[in-house]
Amino acid sequence: MTELSKLILDRIRDVPDYPKPGVLFKDITPLLADHEAFSAVVEELARLCQGCDKVVGIEARGFILAAPVAFRAGAGFVPVRKKGKLPAETFEASYDLEYGSAVIEVHRDAFAPGDRVLIVDDVLATGGTARATIELVRGAGAEVVGAAVLMELAFLRGREKLDDVDLRSLVIV
Ligand SMILES: O=P(O)(O)OC[C@H]1O[C@H](OP(=O)(O)OP(=O)(O)O)[C@H](O)[C@@H]1O
Ligand SMILES: Nc1ncnc2[nH]cnc12
């Protein structure tokens, strides 16, 4: 196990049966509260944005990672939000996730044509959220150069839905 993996795994709390019975929730708040771990994660994710123009973060937990990653990498930040939260004209996509379903949106003018984009989120579970985000970003005229998550839950096989992108996970459990 690498030093970074240990730093991450030691600071993720498992919460059983949240938000529904049978779900083991991976709570990243202890990691966020630890400067050493949070900054190491941001540094590592920012390395994946070499030459990218924008970092996309997915509401809500994705924002916490994607915004500092964009700042560190010298890229712009674009929010993908749950339906009804963005004020201007949007594209939208619906999807299923481990414990429900949702609709996400991005502003129609969020990207310049051909922008190179890294998608950042905290957890990859079923892959529904990431898949929908890729479609949104491509539909808005940008190029997805990669997707990066802090933690991948391998048993949910989300990676199989993302076989057309370069997916990096800092830890896989
Ligand atoms: O791979 P999937 O099965 O799609 O699940 C992963 C998504 O689930 C969580 O978000 P959630 O929708 O719970 O929103 P939150 O960030 O507002 O808590 C997580 O932050 C990912 O975005
Ligand atoms: N088990 C889980 N823990 C934290 N976030 C999630 N998003 C989807 N599944 C999750």
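Residues numbered from 1 in each chain as written. Chains lettered and ligands numbered in written order. Predicted model: local features only at pLDDT ≥ 70, side-chain atom pairs only at ≥ 80, totals over all residues. Heavy atoms only, no water.

Under the annotation held in an unreviewed UniProt entry, the protein chain carries the name Adenine phosphoribosyltransferase and is attributed to Thermocatellispora tengchongensis. Entered under Catalytic activity (unreviewed entry) in the UniProt record, the comment concerning the protein chain runs "AMP + diphosphate = 5-phospho-alpha-D-ribose 1-diphosphate + adenine". According to its UniProt record, the protein chain has this under Pathway (unreviewed entry): "Purine metabolism; AMP biosynthesis via salvage pathway; AMP from adenine: step 1/1." (UniProt positions renumbered as here; feature names shortened; annotations may be inferred.)

Visitor: Which parts of the structure should I look at to understand unusual backbone geometry?
Guide: The omega torsion of the bond from Y18 to P19 falls at -5°, within 30 degrees of zero and hence cis. Positionally, P19 belongs in the loop between β1 (13-16) and β2 (24-27). In this structure, the amide linkage connecting E59 to the following residue, A60, adopts the cis form with an omega of -10°. For A60, the location among the structural elements is in the loop between β3 (54-58) and α4 (61-73). You will see that R157, though not glycine, has its phi angle at about 55°, which is positive. Of note, R157 is situated in the loop between β8 (143-152) and β9 (167-172). (Helix = DSSP H or I, 4+ residues; strand = E, 2+ residues; numbered from the N terminus.)

Visitor: When you look at the pattern of salt bridges in this model, what are you seeing that I'm missing?
Guide: Side chains bearing opposite charge may pair, as long as their charged atoms lie close to each other. Evaluation of the coordinates by the stated rule reveals 18 salt bridges. For E43, the salt bridge goes to R72, with nearest N and O atoms at 2.6 Å. With E43 in helix α3 (residues 35-47) and R72 in helix α4, this residue pair connects regions lying 29 residues apart in the sequence. Overall, the relative accessible area of 37% leaves E43 in the partly exposed class. Within this structure, R131, E135, R138 and D164 form a network of salt bridges that share partners. (Salt bridge = Lys/Arg side-chain N within 4 Å of Asp/Glu carboxyl O. Buried < 20%, exposed > 50% of the residue type's maximum accessible area, 1.4 Å probe, protein only.)

Visitor: I keep staring at the site of ligand 1 and nothing clicks. Help me out?
Guide: Taken together, 16 residues form the shell around ligand 1, and within it Y99, D121, D122, T126 and T129 come nearest. A distance of 2.5 Å separates an oxygen atom of ligand 1 from a polar side-chain atom of Y99. Here an oxygen atom of ligand 1 sits 2.5 Å away from a polar atom, N or O, in the side chain of T126. In isolation ligand 1 offers 510 Å² of accessible surface; the protein chains occlude 87% of this area. Broken down by secondary-structure element, the contributors of at least two residues to the shell around ligand 1 are β7 (116-124) and α5 (128-139). Looking at the shell around ligand 1 element by element, the count peaks at 4 residues for β7. Of the residues in the shell around ligand 1, the class split is 6 nonpolar, 4 polar and 6 charged. (Near = heavy atom within 4 Å. Polar contact = N/O pair within 3.5 Å; in protein donor to acceptor, adjacent residues only side chain to side chain. Areas by Shrake-Rupley, 256 points an atom, 1.4 Å probe, with all protein chains shown as cover. Nonpolar A, V, L, I, M, F, W, Y, C, P; charged D, E, K, R; others polar.)

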